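Fold and geometry: a report
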Amino acid sequence: MINEHYLHMLENKSVIRELSEEATRKGAKIGYENVFDYSLGNPSVPAPESYKETLMEILNTMDPMELHGYAPTTGNPVVKKELAASLNKRFGMNYQDIHIFPTAGAAGAIAHALRAVTKEGDEVIVFAPFFPEYNPYINDTGARIRIVEADTEAFQINFEDLEKKLTDNVAALLINTPNNPSGAVYTEETLTRLAEVLHRKSAEFGHNIFLISDEPYREIVYDGKKAPYAAKFYEHTLTCYSFSKSLSIPGERIGYVAVNPACEKADKLVAMFGQISRGIGHNCPSSIVTIAMGRTCDDTSDLSVYETNMNLIYDCLKELGFTVTRPGGTFYIMPKALEEDSVAFCKKALEYNLVLVPADSFHAPGYFRMAYCIDTEKVKRSLDALREFVNKEYPDRA
Ligand SMILES: Cc1ncc(COP(=O)(O)O)c(C=O)c1O
C-alpha cells in the first residue's frame, strides 16, 4: 500500500522551487539575463582551482581500488584526521579522528545528529526564522519540531520564548549560524547565554540537552569577522558542516558531523552514526569526493562577491525605506515586505522580473528573502527594477 505521508508531502511543494520554476519560464520568454532571480541558494562562484587540481591529482596518482572502493562505515580515517586537525587549528578544539563523521552535505549530517540524540516523541527546538527543510529533517525522525519565535530586532535568540518552550521533553536544539534566511551571525554573547540556559535546564531536568549546530555558511562572514564557533561554548554540541557553500560544490554532497570530545558519549556517537546510516541507506559519501575534500578543507572559493552584493542591496533597500537588518554573513537578506501579505508583495515583484521569496515558509510572515548569490553586474541592474517596482506599487510608503 502506498505511504500516504509522502504522498501528502507532494502537496506542500516548496514555494522557493515554484518561484524558481516561474523564473525559468519567464527567462525562456524574455531572456534569462532579464530575470533577476533571487530565489535559490546556489553558489554563484566556481570551486577553487585547488579542488579541481586535487581531484585530477588523486585520479592520476592513487590506487584505483582505494580511490573508488567502499570506505569504512564511519568514514575514511585519513580524511577524518585531516578534518580534525583543521578544526583544532582554526577553533582551538581537540577533536580526534574518532569524533568526525563524513556525510552527504549538511542535510546528511543533520539526519545523523538528530537520530543519535532524539527518540520518538521528543521535541527539537528551532529558532525562527529557519530553513524550511528543518520541518521534514526533524518530523521524519519521529521527534517533533518546536519553534521559538524570532528576535525581530537583530535575529539573535529570543531568550524569553526559549525559556518558555525549553521543557523536559526537549532533547535537542537545532541552531543555524550564520543564518539562512536572516543572514544573522550569533554573537559570543548569544552563544554564552545559550550555554548558560542549556546547562541550567539540563541540570534541572536531569539529562543533557544536545545542541546541533548547522553551519554551512560558517565561512561567509562579513566585515573581516569570523563566526564564533558554537561548540566552543557548549560541550554537548554536534557541529554539522557542509562544503556546499564554502567550496561551491553543492552537487558533490559532502560535509561532516564533528562531535565535541567533551560531549556525552563522545567516544560512541560516531559509531552510532555508522549504525544510523545502515537504517537510512546513507552510507559513506563518495570516496573520491571525501578524499579531495580532506585535502582542500582549509580552502574556499572566492567568496568576496557575496559581501559586495550584500552591500549594494542593503544600501538600496535602506534608501527605498525598507525595514531590514544588515546581514553579518551568508548570501541572504530578509527585509520586511511593504505590505502585510508578503506573498502578494512577491507576486507583484514578479511583474518587474524580480524573483523574491516570501519568508512565510521560514516562519517569518511579512518578510521576504533574497538569495544574492548572483553576478554583481546583474545585482546592479536588478536595483533599477527594484526602485521602479517599489516607487510604482508603493508610492505612499512611509
Ligand atoms: C541552513 C541550511 N542547512 C542545511 C542546508 C543543506 O545543505 P547541504 O547542501 O550541504 O545538504 C542548507 C542548504 O541550503 C541550508 O541553507
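The shown structure was predicted, so the numbers you read here are calculated from the model rather than taken from an experiment.

The rules behind these values
- Residues numbered from 1 in each chain as written.
- Predicted model: local features only at pLDDT ≥ 70, side-chain atom pairs only at ≥ 80, totals over all residues.
- Near = placed C-beta within 6 Å.
- Helix = DSSP H or I, 4+ residues; strand = E, 2+ residues; numbered from the N terminus.
- Nonpolar A, V, L, I, M, F, W, Y, C, P; charged D, E, K, R; others polar.
- Buried ≥ 20, exposed ≤ 12 C-beta atoms within 10 Å, placed from the backbone.
- Pairing = 2+ DSSP bridges.
- Right-handed = clockwise from strand over helix to strand, strands pointing away.
- Axes fitted to C-alpha atoms, helices over the stretch in contact; angles between N-to-C directions.
- Parallel < 35°, antiparallel > 145°, perpendicular 65-115°, else oblique.
- Left-handed = near helix turned anticlockwise from the far one by under 90°.
- Contact = placed C-beta atoms within 7 Å.
- Core = buried A, V, L, I, M, F, W, Y, C linked by C-beta atoms within 7 Å.
- Domains from an automatic or database assignment.

Taken together, the neighbourhood of the ligand is formed by 13 residues, with Gly-105, Ala-106, Ala-107, Asn-180 and Ser-242 sitting nearest. In terms of residue count, helix 6 (residues 105-117) provides more of the shell around the ligand than any other element does, three residues in total. Classifying every residue of the shell around the ligand by side-chain character gives five nonpolar, seven polar and one charged.

Buried residues dominate strand 3 (residues 123-127), accounting for four of its five residues. Pairing analysis gives five bridges linking strand 3 to strand 4 (residues 144-148), with the strands arranged parallel. Each residue of the ladder has a partner; that of Val-126, found in strand 4, is Ile-147. Running through helix 7 (residues 134-139), the crossover from strand 3 to the neighbouring parallel element strand 4 is right-handed. With four bridges joining them, strand 3 and strand 5 (residues 170-176) adopt parallel strand pairing.

Moving on, we get to the packing of helix 5 (residues 77-91) against helix 11 (residues 287-296). Contact pair helix 5 / helix 11: the axes reach a minimum separation of 9 Å and the direction vectors enclose 25°. Here helix 11 runs roughly parallel to helix 5, going by the angle between their axes. In the packing of helix 5 onto helix 11, the handedness of the crossing is left-handed. Across the interface between the two elements, Val-78, Val-79, Glu-82 and Leu-83 from helix 5 touch Thr-290, Ile-291, Met-293, Gly-294 and Arg-295 from helix 11. Grouping the constituent residues of the contact of helix 5 with helix 11 by class yields five nonpolar, two polar and two charged.

With that out of the way, let us pick up the nonpolar core. Grouped together as the largest cluster of nonpolar side chains are 114 residues, with contacts concentrated most on Ile-110, Ala-113, Ile-212, Val-257 and Tyr-372. By residue number, the principal contributor to this core is helix 6, which donates nine residues. Counting contributing residues, this core receives three or more from each of domain 1 (4-47 + 302-393) and domain 2 (49-296). What Ala-113 contacts, discounting residues up to four positions off in sequence, is Ile-212, Leu-238, Cys-240 and Val-257.

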